[in-house]
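Letter by letter, the chains look like this.
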Amino acid sequence: MMCRFRPSRFFAALSIALLPLPLAAADPAPAPEGGVRALIEARQHAVLSSEIAGRIGRITVEAGQSFKAGQTLIAFDCSHYQAAVDAARANLRAADVTVRQSRRLEQLKSIGGAEVEMAEVKAEAARADLRKAEIEVRRCDVKAPFDGKVVEQRIREHESVPAGTALLEVLSDRDLRVELIVPSSWLVWLKPGQRFELRIDETGEALDGEVTLIGARVDPVSQSLKVTGKLLADKQGNAPNLVAGMSGTARFNPAEEAKGAR
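Calculation criteria
- Residues numbered from 1 in each chain as written.
- Predicted model: local features only at pLDDT ≥ 70, side-chain atom pairs only at ≥ 80, totals over all residues.
- Heavy atoms only, no water.
- Pairing = 2+ DSSP bridges.
- Helix = DSSP H or I, 4+ residues; strand = E, 2+ residues; numbered from the N terminus.
- Axes fitted to C-alpha atoms, helices over the stretch in contact; angles between N-to-C directions.
- Parallel < 35°, antiparallel > 145°, perpendicular 65-115°, else oblique.
- Left-handed = near helix turned anticlockwise from the far one by under 90°.
- Nonpolar A, V, L, I, M, F, W, Y, C, P; charged D, E, K, R; others polar.
- Core = buried A, V, L, I, M, F, W, Y, C linked by side-chain atoms within 4.5 Å.
- Buried < 20%, exposed > 50% of the residue type's maximum accessible area, 1.4 Å probe, protein only.
- Phe/Tyr/Trp six-rings, centres within 6.5 Å; stacked < 30°, edge-to-face > 60°.
- Salt bridge = Lys/Arg side-chain N within 4 Å of Asp/Glu carboxyl O.
- Contact = heavy atoms within 4.5 Å.

## Points about the sheet that holds strand β4 (residues 66-67)
- Read from one edge of the open sheet, four strands run β2-β9-β7-β4, paired in antiparallel fashion. Each of the sheet's edge strands pairs with one partner strand only, and the pair in question is β2 (45-49) and β4.
- The pairing of strand β7 (residues 148-153) with strand β9 (residues 166-171) spans four bridges and is classified as antiparallel. Of the residues in β9, the one forming a bridge with Glu152 is Glu169.

## Quick look at the packing of helix α2 (residues 79-107) against helix α3 (residues 113-138)
- Between α2 and α3, whose axes approach to 8 Å, the crossing angle comes to 165°. The angle between the axes of α2 and α3 places the two elements in the roughly antiparallel class. For the crossing formed where α2 meets α3, the hand is left-handed.
- Here the contact of α2 with α3 is built from residues that sort into 14 nonpolar, five polar and 11 charged.

## Digging into the pairing of strand β12 (residues 206-214)
- Direction of pairing for strand β11 (residues 195-200) relative to β12: antiparallel, over a ladder of five bridges. Bridging across to β12, Leu198 finds its partner in Leu207.
- Where β11 folds back on β12, the antiparallel hairpin that results is connected by five residues, among which Gly204 adopts a positive phi of roughly 75°.

## Examining the nonpolar core
- Among the nonpolar cores identified, the biggest contains 24 residues, and Ile40, Leu180 and Leu198 are the most heavily contacted of them.
- Those elements that place two or more of their residues in this core are β1 (36-42), β10 (176-183), β11, β12 and β13 (224-231).
- Membership of the second largest hydrophobic core comes to 21 residues, among which are Ile52, Ile56, Phe76 and Phe146.

## A look at the packing of aromatic side chains
- Counted by the stated rule, this structure contains four aromatic pairs.
- Ring centres of Trp186 and Phe252 lie 5.6 Å apart, and the angle between their planes is 80°; this geometry places the pair in the edge-to-face category. Here the residue Trp186 occupies a position in the loop between β10 and β11, and Phe252 occupies one in the loop between β14 (247-251) and α4 (254-261), the gap between them amounting to 66 residues. Both residues of the pair, Trp186 and Phe252, belong to the buried class.

## Quick look at the pattern of salt bridges
- In total, this model carries 18 salt bridges according to the counting rule given.
- Measuring nitrogen to oxygen at the nearest pair gives 3.2 Å for the salt bridge that ties Arg43 to Asp175. Residue Arg43 is found in the loop between β1 and β2, and its partner Asp175 is found in the loop between β9 and β10; the two are separated by 132 residues along the sequence.
- Overall, the relative accessible area of 35% leaves Arg43 in the partly exposed class.
- Relative accessible area serves as the criterion here: at 29%, Asp175 is assigned to the partly exposed category.
- Among the salt bridges present, the one from Arg195 reaches Glu210, with a minimum N-O distance of 3.2 Å. A residue pair is termed long-range when its members are at least 10 positions apart, and Arg195 in strand β11 and Glu210 in strand β12 qualify at 15 residues.
- A residue is classified by how much of its surface remains accessible, and Glu210, at 18% relative accessible area, is buried.
- Each member of the salt-bridge network shares a partner with another, and the members are Glu51, Glu136 and Arg139.

## Comments concerning the environment of Val36
- Looking at where Val36 falls in the secondary structure, it is placed in strand β1.
- Once the C-alpha coordinates of Val36 and Gly248 are considered, the two residues, 212 residues apart in sequence, prove to be 8.5 Å apart.
- When near neighbours in sequence (up to four residues on either side) are disregarded, Val36 contacts Leu180, Ile181, Val182, Pro183, Trp186, Gly248, Thr249 and Ala250.

This is the structure:
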């Protein structure tokens, strides 16, 4: 007796066989003992540019030199801008005299209120011109925005530069952070406050660090994300002696992290 083949039953059985089996809950992947690469960066890092056009009169710092916040780093030759201040101040005095005379003539019924108001408007415009000229003079001195060091000097004394020219690259050498690129799979256990050990390539020194920020976006190509950390003082309370740009390897404790993730 021949068995009749029924396609509908065959495909139904096949679809049941191909259903995915339930996956067992996987344990969080601990950090590999090889660690991840880390870079020491400055939190405050800026390229100072000229806000005015002019000739560089004096540069008080060189590459590698330290400075204090508020210190004058570059001074422009400001004779032209100072002359503009003097002219604006004289124009304001003349406008104020015109206002006083206009008010006196109004009391004598020699002019109307419109003429007085126009004189007052001109005096306000002259006052605004003086403020603008004084602001330009203040921009003649490029001051340090924070304590730090000069990374690169991009101009020389006596050069004439237009507004917006890059002058100095500076950074704060007292406020450093650690940048790490970690696998996105670490998100199941990596949290702010977790400790790591950082071994600096340049010095061989091992320093303790702590995670402060977890990146907000995973790179879909490398399946990694950026993590920011800070370095802690040593047992004697001394801050680590580091320079921005140093690199190293950060290692997390696999056993402790896996235990904390459960």
